[in-house]
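# Analysis of the macromolecular model
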Amino acid sequence: MAEIPLTMPKMSMTMEEGTITEWQVAEGDEIAKGDVVAVVMTDKVDMEVESPAAGVVAKLLHAEGDVVAVGDHIALVTSEEEDLLGDLFAGGGGGATVEENPGTTDTSAEAARTTGMTGSDGTDGSDEPADTVAPASAPEGPMPPTVPLARKLAKDHGLDLRTLTATGPHGTVRVKDVKEAIAATDTQRVFDQKAPSASSAPAPSAAPASASGGSSAAALAAPVVDAAPEELLGSARDRRTRQLTARAMATTPLIPQFTAFRTMDLSTAARARTGVLKGISWTTLLVRAYALLLRGTPQLNGSWAGDGVKRNPSVDVVLAVDTPGGLLVPVLPEPDLQGVRALDAQIREIGASAKAGTVDPSLFGPATGTVSNLGGMGVDRFNALITPPQATALSIGTVGFAPVVERDGTVTGRMSCELGLSIDHRVADGADAARALQEIQELLDDPLRLAL
């Protein structure tokens, strides 16, 4: 009988830890391969953790509500699949490899070195001694079972297999897992140099603000009060959501930002919504217009890099979604490069899944801009806060008819809404914000550009 550990899976590229919200099994339960053993909350989304093998739940290593780091063991399963799994989970070098395609094998010494697997004598099976000293920053734990081509791709791109999300049987890392990680890593590297870190952020100042009300950037952080667990509002899940939001917004006050407002004339776009744009939501049209603006204005799609503005290679827009469990921030990748109807369907699907708590975790990650829409809640005007390393955020107020005085003095009703564009002043100036809002107005006056 083999004892197989179940680990906290890495469900998205930004995930570092997860909260066990519910155990679906108890110690001593018999389970089949693929059975759901736990529900885990990460990035404010509940995801199911499945067992990689059939067997008996030997031990639950954490209680509901525990926060567990990615890769740490959460339970142990006793299984009779020992012979089937061989040495794949043991990290040894003598077992067979898992094949991505039938007939593919890899028994070379180079493959053993690539996976980091060693034999029982401490060697990797070649004539050269195994490397026994791991880098200080390397994740802990054994290497996961990996197909040969996936190992090669991971090595070529400097990826640690233990950090990847494995989708193959028994937790095997497949080629597509590595390719997805490579694509995500290429995007992440754009942001890493600009994202503030604990080591680079200014230390909080204990000195009070001056009598005139002035304060330093370091003093902007709000004080944290002591509270016993029973004094905290909401469930463990609610508190976890607030913690994630607080962590994401903690550095926002350090950005010198301002918001420019403009009332947008939607009359032309409203007429188009009875024809070529029929059925397309206002949110979709404004998200698309915002993405087209960022695409055509690299400065606003950039990020402050200390010595200048770093160009971002893609346009990825966060759509802030209000849900019963708190604010969710899924990312719409390249919303200006897909058809408007496909974008509308995606936005509707994300909104529904976010409210149900089932949104795909892969949609949470770095972005180059944010859209927040409170218009449906009766809010006419607000400023959206910038989340670093993004340089802009767009707020959308209520869409509806408003009285307008024409040049001849007559009063008419016009479909309109108020947009607010918040800008990182290190990246752009007030005139840039004004020009950006004018560009969005021109897009709304030419609905065919939004329809393509």
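Use the structure listed above.
Structural notes, computed from the coordinates. Once a new chain begins, its residue numbering starts again from 1 and follows that chain's sequence as written. Residues qualify for local features only when their pLDDT is at least 70, as the model is predicted, and side-chain atom pairs are given and counted only at 80 or more; totals for whole chains, interfaces and linings, by contrast, use all residues. Side-chain metrics rest on all non-hydrogen atoms present in the structure, leaving aside hydrogens and water.

### So, the sheet that holds strand E7 (residues 67–69)
The strands making up a sheet associate through hydrogen bonds between their backbones, and the pairing can be parallel or antiparallel. Strand order across the open sheet formed by 4 strands is E5-E4-E2-E7, with antiparallel pairing between neighbours. Looking at the sheet topology across the chains shown, the edges are occupied by strand E5 (45–50) and E7. Between one strand axis and the next, the sheet turns by 40 degrees as a mean value, whatever way the strands run. Strands qualify as paired when DSSP identifies two bridges or more between them. By the criteria applied, helices consist of DSSP H or I runs no shorter than four residues and strands consist of E runs no shorter than two, each listed in order from the N terminus. As paired elements, strand E2 (residues 17–23) and strand E4 (residues 36–42) share 4 bridges and run antiparallel to each other. Bridge pairing links Ile 20 to Val 40 in E4. Only C-alpha atoms enter the line fits that serve as axes; for helices the fit covers just the stretch in contact. Angles between N-to-C directions range over 0 to 180 degrees.

### A short note on the packing of helix H7 (residues 282–296) against helix H8 (residues 340–356)
Between H7 and H8, whose axes approach to 9 Å, the crossing angle comes to 115 degrees. Two packed elements cross with a definite hand, and for H7 against H8 that hand is right-handed. Between H7 and H8, the residues in contact are Thr 283, Thr 284, Leu 285, Val 287 and Arg 288 and Val 340, Leu 343, Asp 344 and Ile 347, respectively. Of the residues that constitute the contact of H7 with H8, the class distribution is 5 nonpolar, 2 polar and 2 charged. Working rule for handedness: look at the near helix, and if it is turned counterclockwise from the far one by less than a right angle, call the crossing left-handed; if clockwise, right-handed. Working rule for contacts: check all heavy atoms of both residues, and any pair within 4.5 Å makes them a contact. Gly counts as polar in this scheme, as do all residues outside two lists: the nonpolar Ala, Val, Leu, Ile, Met, Phe, Trp, Tyr, Cys and Pro, and the charged Asp, Glu, Lys and Arg.

### Considerations on the sheet that holds strand E1 (residues 2–7)
Spatially, 4 strands are ordered E1-E8-E6-E3 in an open sheet, and the strand pairing comes out antiparallel. A strand with exactly one partner marks an edge of an open sheet, and here the two such strands are E1 and strand E3 (30–31). Across 4 bridges, the pairing between strand E6 (residues 55–60) and strand E8 (residues 73–79) is antiparallel. Across the sheet, Lys 59 pairs through a bridge with Leu 76, a residue of E8.

### A look at the nonpolar core
By nonpolar core we mean a set of buried residues, namely Ala, Val, Leu, Ile, Met, Phe, Trp, Tyr and Cys, connected to one another through side-chain atoms within 4.5 Å. Only protein chains enter the accessibility calculation, which uses a 1.4 Å probe. A residue is then buried if its area is under 20% of the maximum for its type, exposed if over 50%, and partly exposed in between. Judged by nonpolar contacts, the single largest core of 50 residues is most densely connected at Tyr 290, Val 371, Leu 394, Leu 419, Ile 440 and Leu 444. Broken down by secondary-structure element, the contributors of at least two residues to this core are strand E9 (257–265), helix H6 (267–272), H7, strand E12 (316–319), H8, strand E17 (392–396), strand E19 (411–424) and helix H9 (430–444). The element best represented in this core is H7, accounting for 9 residues. By size, the runner-up hydrophobic cluster in this structure holds 17 residues, among which are Leu 6, Val 40, Val 49 and Ile 74.

### Focus on the pairing of E8
Of all 7 residues making up E8, 5 are buried, and the element is well covered by its neighbours. Of the pairings in the sheet, the one linking E1 to E8 comprises 6 bridges and is antiparallel in character. Each residue of the ladder has a partner; that of Ile 4, found in E8, is Val 77.

### With respect to the packing of aromatic side chains
Centres within 6.5 Å are what make two rings of Phe, Tyr or Trp a pair, Trp counting through its six-membered ring; a difference in plane orientation under 30 degrees is then read as stacked, over 60 as edge-to-face, and the rest as tilted. Counted by the stated rule, this structure contains 0 aromatic pairs. Only when the NZ of Lys or the CZ of Arg is both within 6 Å of the ring centre and within 35 degrees of the ring normal is a charge said to sit over the ring. Of note, Arg 381 hangs over the ring of Phe 261, and the distance from its end group to the ring centre comes to 3.8 Å.

### Some details on unusual backbone geometry
That bond from Pro 388 to Pro 389 is cis: its omega, 5 degrees, falls within 30 degrees of zero. Positive phi values are uncommon outside glycine, yet Glu 334 reaches one of about 50 degrees. When you line up the elements, Glu 334 lands in the loop between strand E15 (331–333) and H8.

### A few points about H7
Owing to its 3.6 residues per turn, the α-helix aligns residues three or four sequence positions apart on the same side. Helix span is expected to be 1.5 Å times the residue number reduced by one. When the terminal C-alpha atoms of H7 are compared, their 21 Å separation across 15 residues agrees well with the 21 Å that a helix rising 1.5 Å per residue should span. Most of H7 sits out of view: 12 of its 15 residues are buried. Listed as buried for H7 are Trp 282, Thr 283, Thr 284, Leu 285, Leu 286, Val 287, Arg 288, Ala 289, Tyr 290, Ala 291, Leu 293 and Leu 294.

### Observations regarding the packing of H7 against H9
Packed helices, taken two at a time, are described by the angle between their axes plus the distance between the axes. In the contact formed by H7 and H9, the axes pass within 10 Å of each other and the chain directions differ by 125 degrees. In this view, H7 runs oblique relative to H9, as classed from their interaxial angle. In the packing of H7 onto H9, the handedness of the crossing is right-handed. Taking contact as the criterion, the partners of Leu 286, Ala 289, Leu 292 and Leu 293 in H7 are, on H9, Ala 436, Glu 439, Ile 440, Leu 443 and Leu 444. Roughly parallel covers angles under 35 degrees, roughly antiparallel covers those over 145, roughly perpendicular covers 65 to 115, and oblique covers all other angles.

### What about H9?
When the terminal C-alpha atoms of H9 are compared, their 22 Å separation across 15 residues agrees well with the 21 Å that a helix rising 1.5 Å per residue should span. Where H9 is buried, its residues contact E9, H6, H7, E17, E19 and helix H10 (447–451).

### Topic: the pairing of strand E16 (residues 369–373)
Counting buried residues along E16, 4 of its 5 residues qualify, which places the element largely inside the surrounding structure. By the bridge criterion, 3 bridges tie E12 to E16 in an arrangement that is parallel. Residue pairing for E16: Leu 319 is matched across the bridge by Val 371. Here E16 pairs with E17 via 4 bridges, running parallel. From the neighbouring strand, Asn 373 faces E17, where its bridge partner is Ile 396.

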